[in-house]
Amino acid sequence: MGLKCTLSFFVLLVAAPAVARQPPHPETREVVWTWSERCKGDHKLGVTVRLDEKVLYRGVLPICRGSRDAEDGRVKFHFHVGRTFQGKYRTRSTDSIEGDIWQAGGEPDALMLGISFDTNDQILLNTLHVAKPEKQTSSELDKGLFITTYPLPAR
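Residues numbered from 1 in each chain as written. Predicted model: local features only at pLDDT ≥ 70, side-chain atom pairs only at ≥ 80, totals over all residues. Heavy atoms only, no water.

### Considerations on the packing of aromatic side chains
1) Next: Applying the stated rule across the entire model yields five aromatic pairs.
2) Next: Ring centres of Phe 77 and Phe 117 lie 6.2 Å apart, and the angle between their planes is 80°; this geometry places the pair in the edge-to-face category. With a gap of 40 residues between them, Phe 77 in strand β4 (residues 74–80) and Phe 117 in strand β8 (residues 110–118) connect regions that are remote in the sequence. The burial state of Phe 77 is the same as that of Phe 117; both residues are buried. (Phe/Tyr/Trp six-rings, centres within 6.5 Å; stacked < 30°, edge-to-face > 60°. Helix = DSSP H or I, 4+ residues; strand = E, 2+ residues; numbered from the N terminus. Buried < 20%, exposed > 50% of the residue type's maximum accessible area, 1.4 Å probe, protein only.)

### Examining the state of the cysteines
A disulfide bridge is the covalent bond that connects two cysteines by way of their sulfur atoms.
1) Next: For the coordinates displayed, the defined rule picks out one disulfide.
2) Next: Covalent S-S linkage joins Cys 39 and Cys 64, the inter-sulfur distance amounting to 2.1 Å. Between Cys 39 and Cys 64 the disulfide shows an S-S torsion of about -60°. By sign, it is left-handed. You can see Cys 39 sitting in the loop between β1 (32–35) and β2 (44–51) and its partner Cys 64 sitting in strand β3 (residues 54–66), a full 25 residues away along the chain. (Disulfide = S-S within 2.5 Å.)

Following this line, the structure appears as structure tokens:
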């Protein structure tokens with residue numbers, strides 16, 4: 001027992017200075033694109049959601065470079081359409097469908113936008129779109145349902 005205590009004490013004496021000499025890990029904050037009302041700069045991203053030829057939503061997202069904790073962008077919109085989503089979720093033309101777009105993540109060269117559509121009864125679609133702040137990008141979310149994002153000129 002005495003030998004174990006002595007050995008443990010010796011290990012502690014040898015290891016403690018080695019641990020104390022290690023430099024602290026600096027917390028690096030990666031600068032990414034964010035969508036936030038706090039973004040007051042010249043960067044704006046246009047977004048259009050359309051079903052076939054009908055525009056369901058058109059808006060402008062204020063974007064800027066910052067830390068991930070600044071991400072708070074979100075927009076909701078409503079529309080009525082009778083159709084089938086993902087080949088299995090049916091809606092009637094009288095059903096109110098809520099569209100929701102939010103920032104799902106940020107990268108140094110892109111924004112990840114989450115897009116969902118739902119009724120009071122069910123989630124119809126939940127997916128992602130990669131938006132590039134420097135160029136137009138489009139994604140087909142479902143058959144005939146598209147989102148397009150594009151940089152807007154500074155004013």
